[in-house]
Amino acid sequence: MSETILSLKNVAIYQRESLILSQVNVSIEKGEFVYLIGKTGTGKSSFMKTLYGDIPLKDGQGEIVGVNLKTLKDKQIPELRRKLGVVFQDFKLLNDRNVKENLLFVLKATGWKDKSKIEKKIDEVLRKVGMQTKHFKFPYQLSGGEQQRVAIARALLNDPELILADEPTGNLDPQTSVEVMEVLQDINKNGNTILMATHDYALLLKFPSKTLKCDGQKVFEVVQKNAKTEI
Ligand SMILES: Nc1ncnc2c1ncn2[C@@H]1O[C@H](COP(=O)(O)OP(=O)(O)OP(=O)(O)O)[C@@H](O)[C@H]1O
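Residues numbered from 1 in each chain as written. Predicted model: local features only at pLDDT ≥ 70, side-chain atom pairs only at ≥ 80, totals over all residues.

*Asks:* I'd like a description of the site of the ligand, backed by residues and values.
*Replies:* In the vicinity of the ligand lie 13 residues, with Gln15, Thr40, Lys44, Ser45 and Ser46 positioned nearest. At the level of elements, strand E2 (18-29) and helix H1 (44-51) are the ones that each hand at least two residues to the shell around the ligand. For the shell around the ligand, the element with the highest residue contribution is H1, accounting for three residues. Taken together, the residues of the shell around the ligand sort by class into two nonpolar, nine polar and two charged. (Near = placed C-beta within 6 Å. Helix = DSSP H or I, 4+ residues; strand = E, 2+ residues; numbered from the N terminus. Nonpolar A, V, L, I, M, F, W, Y, C, P; charged D, E, K, R; others polar.)

*Asks:* For the sheet that holds E2, give the residues involved together with the corresponding values.
*Replies:* Reading across the sheet, the four strands line up as E2-E1-E4-E5 and stay open at both edges, with antiparallel pairing between neighbours. Both edges of this open sheet fall to E2 and strand E5 (67-68), since each of them pairs with a single strand only. The sheet contact formed by strand E4 (residues 59-64) and E5 spans two bridges and is antiparallel. Its bridge partner being in E5, Ile64 is matched across the sheet by Val67. Lying on the sheet, H1 is in contact with strand E1 (4-15), E2 and E4; it crosses E1 at an angle near 120°. (Pairing = 2+ DSSP bridges. Contact = placed C-beta atoms within 7 Å. Axes fitted to C-alpha atoms, helices over the stretch in contact; angles between N-to-C directions.)

*Asks:* Break down the sheet that holds strand E7 (residues 162-166) for me, citing the residues and quoting the values.
*Replies:* The sheet built from six strands is open, its strands ordered E6-E7-E8-E3-E9-E10 with mixed pairing. One side of each edge strand has no neighbouring strand; the edge strands of this open sheet are strand E6 (84-88) and strand E10 (218-222). For this sheet, the mean inter-axis angle between neighbouring strands, taken without regard to orientation, is 20°. Alignment of strand E9 (residues 210-215) against E10, held across five bridges, turns out to be antiparallel. Among the inter-strand pairings, Thr211 is bridged to a residue of E10, identified as Val222.

*Asks:* Summarise H1; cite the residues concerned and give the values.
*Replies:* Taken across its eight residues, H1 has six buried, putting it largely inside the fold. Buried residues of H1: Lys44, Ser45, Phe47, Met48, Thr50 and Leu51, and no others. (Buried ≥ 20, exposed ≤ 12 C-beta atoms within 10 Å, placed from the backbone.)

*Asks:* Talk me through the pairing of E1; I want residue IDs and the actual numbers.
*Replies:* The sheet contact formed by E1 and E2 spans eight bridges and is antiparallel. Looking at the pairing, Gln15 lines up with Ser18 of E2. Where E1 folds back on E2, the antiparallel hairpin that results is connected by two residues, among which Arg16 adopts a positive phi of roughly 50°. Of the pairings in the sheet, the one linking E1 to E4 comprises five bridges and is antiparallel in character. Each residue of the ladder has a partner; that of Leu8, found in E4, is Gly62.

*Asks:* Give a detailed account of the nonpolar core, specifying residues and quantitative values.
*Replies:* Judged by nonpolar contacts, the single largest core of 57 residues is most densely connected at Leu36, Ala153 and Leu164. With six residues, helix H5 (residues 144-156) is the single largest residue contributor to this core. In this view, Leu164 contacts Met48, Leu51, Tyr52, Leu84, Val86 and Leu195; residues no more than four positions away in its chain are not counted. (Core = buried A, V, L, I, M, F, W, Y, C linked by C-beta atoms within 7 Å.)

*Asks:* Help me get a handle on the confidence of the model for the protein, residues and values and all.
*Replies:* Looking at the protein as a whole, its pLDDT mean stands at 93, while 96% of the residues score no less than 70. Note on the complex model: pTM 0.92, ipTM 0.93. (pLDDT = per-residue confidence, 0-100.)

Below, the structure is given as structure tokens:
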């Protein structure tokens, strides 16, 4: 039986007073890999921000990883973010500490105490993204693709029910983008649900999957074979 991870019903999304998206009806089932595409300024980031509690949901109904977005209080946001893995275009690693310490920082902030469990978890997530031999490197000693792998490893630390990736390949060259995408595909094949906002049509064609599009203040599913001409 399928399990709904995200459900938005008749949602409207605003940035301050401006209406960005309206009548949004979207659902994502466990195990899906879903793209969110659309021209610049059409609301992809606003959509993602609503999902991780950065923009409050005022209109419509929204439930994500079992959390009601409509009634979400500020103090519940850390709990929501623990159930989500969020990956950004600009990696957002802490530059004053190495890879392992970046991961440790998140584990400690989310209540992990047992040293051997911590070691095991860090090793496990770095292995998943192929970075286990570089745990002692500082972010500035890594390429963009390697930094993004670490950011994906960080997103996996608390076994998220959904990974939200906002333009994760936006700062990477085409070859590196494909490599990072392969990491995301592997993670998806191993059972993680992923929603990825992207501009990168080459990736869409190379790794076809369910695609949602933001356009004209609406979000709708597009058929992949038309995606290139429709974008
Ligand atoms: N903090 C903000 N305050 C007011 N308006 C904003 C804010 N952030 C974004 N907007 C506006 O909201 C609209 C949607 O922006 P958003 O960043 O969601 O689009 P996007 O599709 O993610 O674009 P891009 O692909 O360029 O990142 C734009 O018109 C933008 O100018």
